[in-house]
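Breakdown of the fold
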Amino acid sequence: MICIFYFYPMIQALILSFQSGMGNNLQYVGFDNYFRLFKDPTFISALKNTFIYLIFQVPIMLFLALVLATLLNSPNLKFRGFFRTAIFLPAVTSLVAYSVIFKYLFATDGLINQFLMMIHLVHEPINWITHPFWAKVTIIIAITWRWTGYNMVFYLASLQNIDKSIYEAAKIDGASPIQQFFLVTIPMLKPIILFTTITSTIGTLQLFDEVMNITYGGPGNATITISQYIYNLSFEYTPDFGYAATVSYVILILIVILSIIQFKVSGD
Amino acid sequence: MKKLVFAMIALLLLLSGCNSEEGSSNSSGGDEESNEVTVWAWDPKFNIRALEIAEEFYDGETEIDLEIIENAQDDIIQKLNTGLSSGTMKGMPNIVLIEDYRAQSFLQAYPDAFYDLTDYIHPNDFADYKISPTSFDGKQYGLPFDTGVTGLYVRTDYLEEAGYTIEDFTNITWEQYVEMAKDIKEKTGKYMLTLDPNDLAQVRVMIQTAGKWYVKEDGTTPDLADNEQLKEGFQLFREMLESDVAKIVTDWSQFVGAFNSGDVVTVPTGNWITPSVKAEASQSGKWAILPIPKLSDPNAVNASNLGGSSWYVLNVPGKEKAAEFLANTFGSKVEFYEKLVQEIGAIGTYLPAAGSDAYNLSDDYFGGEKTVAQFLEWTEEVPAVNYGMHTYAIEDILVAEMQNYLNGKDLDDALKDAQAQAEAQLN
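Residues numbered from 1 in each chain as written. Chains lettered and ligands numbered in written order. Predicted model: local features only at pLDDT ≥ 70, side-chain atom pairs only at ≥ 80, totals over all residues. Heavy atoms only, no water.

Quick word on the overall build of chain A
- When helices and strands are tallied, chain A shows 13 helices and 2 strands.
- Taking the intrachain contacts of chain A between residues at least 6 apart in sequence as the baseline, contacts between residues at least 24 apart amount to 66%.
- Each charge class in chain A was averaged separately, 13 positive and 12 negative side chains, and the resulting centres sit 7 Å apart. (Helix = DSSP H or I, 4+ residues; strand = E, 2+ residues; numbered from the N terminus. Contact = heavy atoms within 4.5 Å. Lys, Arg positive; Asp, Glu negative; His and termini not counted. Charge placed at Lys NZ, Arg CZ, Asp CG, Glu CD.)

The following block contains the structure:
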């Protein structure tokens, strides 16, 4: 079963990545598709954007998740259950539904702009969706909103496994809560941080729904991701499945490389 | 371990063998015996309603049972591409609706997938500019359906408020349009139109008035770098954005919302927008439909096209029945087109229907004008262009360059870069 549903498609895709042509008229072109990647400005923008999301969004999100998890783990906090559920809820909403709602919230005459104008933070509406910079920011806000709670749950679970006596010992040694966070919590959570970093990296490299639904890759490829480019190559343009398979393999190779680096950095 | 690897390789070889056999046997989802004809289409108010009316009018020899499956256009493209490329026709419908801009990419990418309709319809019965997108290699594969002919929908009350008449907007150039737009914005505060920076539909409309497209007449050579008309389109697009006469929208619902709520003075678009404009009953009598503005090119005309789609029969069992159904309704029945235009305002490109009375009725919503007759008149003037197969791929390149141009890049450089990129990418 595993062979049929995992390995067979993978090998077929690899064979496909050496072919090119419209729809079914495929011919073998050797490594041409792979050379084409380097000369393809759309692919380069997609790669660049994906890495921007990766570099900015993943650390922000994971740090936020860690802080939230620590706060929500505090025994003194009231309504802990409510806060935990509220922060986790975005992770179970429909990807498409939340993207569409974000699109309307961030529209030029949307709620976010109205709010920002009301509190006099900005004088004129920000073109969230149609400005290359702000469109990226919108996507980053959207994915952070959705996935922070999800990562927080992992941290919460492992925080509860940390022996309380370690914190007590730290307190006796005179460590402030911030020092406890950086010197006790983070090192203790290292394996789980590695796990969430890898899953978030993979998730970001495969990012599709938000970009597709909020900005459609625009304005002018400013937010396009590799996954969306694969979709465009297969379904939006005259289909070139061979080249799309090549681009898919690039994602695979990137995930492997980044995961190896992360393992090495964490010293495991 | 070694054994496992050998077993896996053996399995792989076996599976790839199965695949090639499957591909050649061309098994299919259709059923020779049943009367069922399945259709994939989008837009319940327009295309799907047209199918339902067609079923009422069908009186062919064999009985058919029409099963209409509604899908979003994007989903249809996706399903067709995955289905057709898998080599099996299982699960494919008998009839499918395809947008004219995309038709050639399907016809050429999957040459055996579509059924030749040449014996069923007379291409001469249809508007000229619909024939080249729907045919390939001398054979007629598509049955041309809606026109996509454009018009300039204008709010007459806003024009009056700003001191203009509809004559001022009749048969004008885009340049004049933009000048008046600035004035009207100043006087009334209303936006002149909506624009989506990610969608160059407006530029497509502009260049077709001059008989130009993103590709040369052969349909494959990109025509961007020295395309004067495209250049003018880009300049106008930028000017409309920068002079703030255009309200920026990012999707269909914001686009429709902008004119339904009275935010914009004009909607320069395809005639398929009529039902959406009329959906706002309170604005009845406030709209008029004028000819679309043209480019400054001396050969340009005040007529263009946007969108429009046609019916295709897939090469699966039951194709003859499906082709007969189309020929018997969309391909030959004037009464069918009369009902179509009366009930949903859909204007087909079947020329013999043009003489009928239903096409000469006036529409109170648009100030009592004979809107259908007008559209038909413009349909005949639309310059025919070869859309080729890469409209959306080129447009994505152009959208990116448009963004650079808006950010200050030299226009000639932008188009030259777009040309180089298109040449490198399209095969």
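Some points on the overall build of chain B
- If you tally the helices and strands in chain B, you get 16 helices and 12 strands.
- On C-alpha atoms alone, chain B measures out to a radius of gyration of 24 Å, which is about the 22 Å that the 2.2 N^0.38 rule sets for 427 residues.
- When the backbone C-alpha atoms are referred to their principal axes, chain B occupies close to 80 × 55 × 35 Å.
- Here chain B holds 427 residues, and 57% of them are scored as buried.
- Of the contacts formed within chain B by residues at least 6 apart in sequence, a portion of 77% connects residues at least 24 apart.
- Summed over its atoms, the accessible surface of chain B is roughly 16,900 Å², and 47% of this surface lies on carbon and sulfur atoms.
- Distance between charge centres in chain B, computed from 30 positive and 71 negative side chains, equals 5 Å. (Rg over C-alpha atoms; globule rule 2.2 N^0.38 Å. Buried < 20%, exposed > 50% of the residue type's maximum accessible area, 1.4 Å probe, protein only. Areas by Shrake-Rupley, 256 points an atom, 1.4 Å probe, with all protein chains shown as cover.)

So, the UniProt feature "transmembrane region" (unreviewed entry) in chain A
- The UniProt entry lists residues 51-73, 85-106, 181-202 and 241-261 of chain A under the feature "transmembrane region" (unreviewed entry), expressed in the numbering used here.
- Note that residues 181-202 of chain A is 95% helix and 0% strand, and that its end C-alpha atoms are spaced 27 Å apart. (UniProt positions renumbered as here; feature names shortened; annotations may be inferred.)

Concerning the interface of chain A and chain B
- On the side of chain B, 39 residues touch chain A, which itself brings 39 residues to the contact.
- Summed over both sides, the interface of chain A with chain B buries roughly 3,200 Å², with 54% coming from carbon and sulfur.
- The interface formed by chain A and chain B includes 3 salt bridges.
- For Lys 247 of chain B, the salt bridge goes to Asp 109 of chain A, with nearest N and O atoms at 3.4 Å.
- Inspection of the chain A/chain B interface yields 9 residue pairs in polar contact (both at pLDDT 80 or more).
- For the side of chain A that touches chain B, the secondary-structure elements that each account for two or more residues are α1 (2-16), α3 (41-73), α5 (95-105) and α12 (226-236) of chain A. (Buried area = accessible area lost by both parts, 1.4 Å probe. Salt bridge = Lys/Arg side-chain N within 4 Å of Asp/Glu carboxyl O. Polar contact = N/O pair within 3.5 Å; in protein donor to acceptor, adjacent residues only side chain to side chain.)

Description of the UniProt feature "domain: ABC transmembrane type-1" (unreviewed entry) in chain A
- The UniProt record annotates "domain: ABC transmembrane type-1" (unreviewed entry) at residues 47-262 of chain A.
- With 74% helix and 0% strand, the stretch residues 47-262 of chain A has end C-alpha atoms that lie 19 Å from each other.

Some points on the packing of aromatic side chains
- Inspection of every chain in the model, using the stated rule, returns 50 aromatic pairs over all chains.
- Taking 5.6 Å as the distance between ring centres and 40 degrees as the angle between the ring planes, the aromatic pair formed by Phe 145 of chain B and Trp 311 of chain B counts as tilted. Here Phe 145 of chain B, found in the loop between β6 (142-144) and β7 (150-155), pairs with Trp 311 of chain B, found in strand β12 (residues 309-313); they are 166 residues apart in sequence, far enough to count as distant. With respect to class, Phe 145 of chain B is no different from Trp 311 of chain B; both count as buried.
- Among the aromatic residues, ring-to-ring pairing joins Phe 46, Phe 57, Phe 126, Phe 145, Trp 311, Phe 330, Phe 336, Tyr 337 and Tyr 350 of chain B into one connected group.
- Above the face of the Trp 147 of chain A ring, Arg 146 of chain A is positioned so that its terminal group lies 4.6 Å from the ring centre.
- Looking at Arg 155 of chain B, its charged tip hangs above the ring of Tyr 158 of chain B, at a distance of 4.3 Å from the centre. (Phe/Tyr/Trp six-rings, centres within 6.5 Å; stacked < 30°, edge-to-face > 60°. Lys NZ or Arg CZ within 6 Å of the ring centre and 35° of its normal.)

Considerations on the nonpolar core
- Within the largest apolar cluster, 97 residues are counted, with the highest numbers of intra-cluster contacts made by Phe 169, Tyr 177 and Leu 398 of chain B.
- In terms of residue count, α3 of chain A provides more of this core than any other element does, 10 residues in total.
- For Tyr 177 of chain B, the residues in contact, after removing those within four places along its chain, are Leu 152, Phe 169, Ile 172, Met 192, Leu 193, Met 240, Thr 266, Pro 268 and Pro 293 of chain B. (Core = buried A, V, L, I, M, F, W, Y, C linked by side-chain atoms within 4.5 Å.)

Some remarks on the packing of helix α7 (residues 174-188) of chain B against helix α9 (residues 228-242) of chain B
Residues and elements named next belong to chain B.
- Contact geometry for α7 and α9: axes closest at 11 Å, N-to-C directions at 5 degrees. Looking at the two axes, α7 sits roughly parallel to α9. Contacts from Trp 174, Glu 175, Tyr 177, Val 178, Glu 179 and Lys 182 in α7 reach Glu 232, Leu 236, Glu 239 and Met 240 in α9.
- When the residues that make up the contact of α7 with α9 are grouped by side-chain class, the tally is 5 nonpolar, no polar and 5 charged. (Axes fitted to C-alpha atoms, helices over the stretch in contact; angles between N-to-C directions. Parallel < 35°, antiparallel > 145°, perpendicular 65-115°, else oblique. Nonpolar A, V, L, I, M, F, W, Y, C, P; charged D, E, K, R; others polar.)

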